[in-house]
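Examination of the molecular architecture
Residues per chain, in single letters:
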Amino acid sequence: MMFWQEIANDGVQKMCEAISDREAFEMAETFGAHNYHPLPVNVVRAEGGYVWDGSGKKYLDCIGAYSALAHGHLNPKIIKALTDQAAKLTLTGRANNTTEMALFEKSLCLYTGLDKVCPMNSGAEAVETCIKIARKWAYSVKGVPKDQAEIIACEGNFHGRTTTLVGFSDTAQYHDQFGPFSSGFRLVPFGDAQALADAITPNTAALFAEPIQAEGGVLIPPVGYMKEVRRICDENNVLLIWDEVQTGFCRTGQRFAWMHEDAKPDLMAVGKALGGGLLPVSAAVGTNEAMGVLKPGDHGSTFGGNPLACAVAIASMAEMAVQDYDRRSEALGSRLMEGLRRANLRHVKDLRGKGLLVGLEVDESIDTAPIQQSFIQEGLLTKETRHRTFRFTPPLTVDIDFIDDIVKRVARVLS
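The shown structure was predicted, so the numbers you read here are calculated from the model rather than taken from an experiment.

**Considerations on the overall build of the chain**
- Within the chain, the secondary structure is distributed over 15 helices and 15 strands.
- In summary, the chain has a C-alpha radius of gyration of 22 Å against a globular reference of 22 Å for 415 residues, a match within 12%.
- Across its three principal directions, the C-alpha atoms of the chain cover 60 × 55 × 45 Å.
- Considering the chain as a whole, with its 415 residues, one finds that 51% of them fall into the buried category.
- Counting contacts in the chain only where the partners sit at least 6 residues apart, residues at least 24 apart contribute 72% of the total.
- When the accessible surface of the chain is summed, it comes to about 19300 Å², and 53% of that surface belongs to carbon and sulfur atoms.

As structure tokens, then:
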């Protein structure tokens, strides 16, 4: 009881301030499930593109919550939207309408150029929503026989961690010992439009893919791939679904990565940056034809579309639109890529990127663990993803000096 009384008397913030970094690590190790292996950095404060640990050491945040912190830490305008809304109305459920949800749905349609929105919370929920819609569309519109609908996905994909989504991953750790899995999925090589065309059958409901495989190692498809995929889907009466949870909202230098080739989807999963770095906010967005198959009771979420999340998301989109985040991302990403190329870095096998989604792949001759540790010592937070690739996804609000500082610190580590 003393534990709870102390929190009740002093507040959560004072309690946290009394805990050292070492104690925080030990507490997490003892009481937390070990489904993550975080960097040995305990973040206690953040602002803009920077974070600090309990000892006061300052880091460049180049993880950015895997694209979720597009606006930087504690963006003042989004914080204001949060606090204003929190003092008025936070949650009602979906048994009634709210003005905030109505405005959120209109805003997201305007921002994406699509017709209808189904609000959810996490990116995985948005993806699951798209899958449900695609299957119902296949049966009710396309005429696929009951329970025979197929969805084509890409090898190397990452769409989330639910049992359905890991069931069509080909990464062993994501699916081993978590089966049995849902059927109805087929994998084709990423970036191979002909393989997609060859895999389509009369029962194919949709192609579901990331326009750029961020988690897969910042893998960018050949030029023309997305446009060709759109054409193939149109010719075969197949829905095109883009997962833009990580690549969306200006991360790649366009509002959405499909806009690099005008490969407009029928359905799209969005999330991460939509929450402004404050809350989990996601949605399935789509055309009238695709979204029109949903009827009352087909799908739902208690917290999806809650007024607090909607106010934050509206402010987040307004900031991105007014402050030209797409142009900032393109310019800063080009500077980062060019700076890393000019640095003539040792042991770099490949450098890939679009906007401020950049992957630096090191060759097989060296161990990546010491590189990771050296980045931390240099005050640079990045993390290795697949294919021995370190991913750089800092906030889109950082300045040129921040970008140049990344290059200097990476150069010191790899020299």
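Picking up after the structure, the text goes on.
**Some details on a nonpolar patch on the surface**
- Where nonpolar side chains cluster on the molecular surface, the patch consists of M1, F3 and W4 and spans about 440 Å² of accessible area.
- Among the secondary structure elements, W4 is positioned in helix α1 (residues 2–10).
- Here W4 falls in the exposed class, since its relative accessible area comes to 56%.

**Examining unusual backbone geometry**
- Following G179, the chain continues to P180 via a peptide bond in cis, the omega torsion being 5°.
- Secondary-structure assignment places P180 in the loop between α8 (172–175) and β6 (185–188).
- We note that Q177 has phi near 70°; this positive angle belongs to a residue other than glycine.
- Looking at where Q177 falls in the secondary structure, it is placed in the loop between α8 and β6.
- With a phi angle near 55°, D262 is a residue other than glycine that sits in the positive phi range.

**Considering the pairing of strand β5 (residues 150–154)**
- Burial analysis of β5 places 4 of its 5 residues in the buried class, the great majority of the element.
- In this structure, β5 lies alongside strand β7 (residues 204–209), joined through 3 bridges in parallel fashion. Bridge pairing in β7 places I152 opposite L207.
- Pairing of β5 with β6 involves 4 bridges; the strand directions are parallel. Counted as the bridge partner of A153 is L187 from β6.

**Description of the nonpolar core**
- Counting residues in hydrophobic clusters, the biggest one holds 72 residues, and the most contacted among them are F104, L108, F249, F392, I406 and V410.
- In terms of residue count, the dominant contributor to this core is helix α15 (residues 400–414) (7 residues).
- Ignoring any residue separated from it by four or fewer positions in sequence, one finds I406 in contact with L60, C62, L336, L380, F392 and P394.

**Some words on the environment of R22**
- Positionally, R22 belongs in helix α3 (residues 21–31).
- The sequence separation of R22 and K106 amounts to 84 residues, and the corresponding C-alpha distance is 46 Å.

**Quick word on the packing of helix α5 (residues 99–112) against helix α12 (residues 307–322)**
- It is at 9 Å that the axes of α5 and α12 come closest, and there the two elements cross at 30°. What the angle tells us is that α5 and α12 run roughly parallel. The interaxial crossing formed by α5 with α12 has left-handed handedness. Taking contact as the criterion, the partners of E100, M101, L103, F104, S107, L108 and Y111 in α5 are, on α12, P307, C310, A313, I314, M317, M320 and A321.
- Tallied by class, the residues present in the contact of α5 with α12 amount to 12 nonpolar, 1 polar and 1 charged.

**A look at the pattern of salt bridges**
- If you walk through the whole model with that rule in mind, you get 18 salt bridges.
- The partner of D298 in a salt bridge is K136, with the nearest N and O atoms 2.5 Å apart. With a gap of 162 residues between them, D298 in the loop between α11 (288–291) and α12 and K136 in helix α6 (residues 123–142) connect regions that are remote in the sequence.
- Note on D298: relative accessible area 28%, which makes it partly exposed.
- Note that E235 is salt-bridged to R231, the shortest N-O span being 2.6 Å. Taken together, the residues E235 and R231, both in helix α10 (residues 225–235) and 4 residues apart, mark about one turn of the helix.
- Judged by relative accessible area, R231 falls into the partly exposed class, the value being 36%.
- Through salt bridges with shared partners, a single network forms among E228, R231 and E235.

What counts and how
- Within each chain, residues carry numbers counting from 1 in the order of the written sequence.
- Residues qualify for local features only when their pLDDT is at least 70, as the model is predicted, and side-chain atom pairs are given and counted only at 80 or more; totals for whole chains, interfaces and linings, by contrast, use all residues.
- Neither water nor hydrogens contribute to the side-chain values; these are computed over all heavy atoms in the structure.
- By the criteria applied, helices consist of DSSP H or I runs no shorter than four residues and strands consist of E runs no shorter than two, each listed in order from the N terminus.
- Radius of gyration means the value over C-alpha atoms here, while the globule rule gives 2.2 Å times the residue count to the 0.38 power.
- Here's how the labels work: a residue is buried when its accessible area is under 20% of the maximum for its type, exposed when over 50%, partly exposed in between, all with a 1.4 Å probe on protein chains only.
- When checking whether two residues touch, look at their non-hydrogen atoms; a contact exists if any pair is within 4.5 Å.
- All accessibility values rest on the Shrake-Rupley procedure with a 1.4 Å probe; residue burial counts only the protein chains present in the view.
- A patch consists of residues exposed above 30% relative accessible area that lack any salt bridge, with like charges linked at up to 9 Å and nonpolar side chains (Val, Leu, Ile, Met, Phe, Trp, Tyr) linked at up to 5 Å.
- Salt bridges are defined as contacts in which a side-chain nitrogen from Lys or Arg sits within 4 Å of a carboxyl oxygen from Asp or Glu.
- Paired strands, as defined in this entry, are two strands with at least two bridges between them according to DSSP.
- Put simply, a nonpolar core is a bunch of buried Ala, Val, Leu, Ile, Met, Phe, Trp, Tyr and Cys residues held in one set by side-chain atoms that sit within 4.5 Å of each other.
- Axis definition: a line fitted to C-alpha atoms, limited for helices to the stretch in contact. Angles are taken between N-to-C directions and run from 0 to 180 degrees.
- Geometric relationships in this document are graded by angle, where less than 35 degrees denotes roughly parallel, more than 145 denotes roughly antiparallel, 65 to 115 denotes roughly perpendicular, and other angles denote oblique.
- When the near helix sits turned anticlockwise from the far one by under a right angle, the crossing is termed left-handed; a clockwise turn instead gives a right-handed crossing.
- The nonpolar class holds Ala, Val, Leu, Ile, Met, Phe, Trp, Tyr, Cys and Pro. Asp, Glu, Lys and Arg form the charged class, and all remaining residues, Gly among them, are polar.

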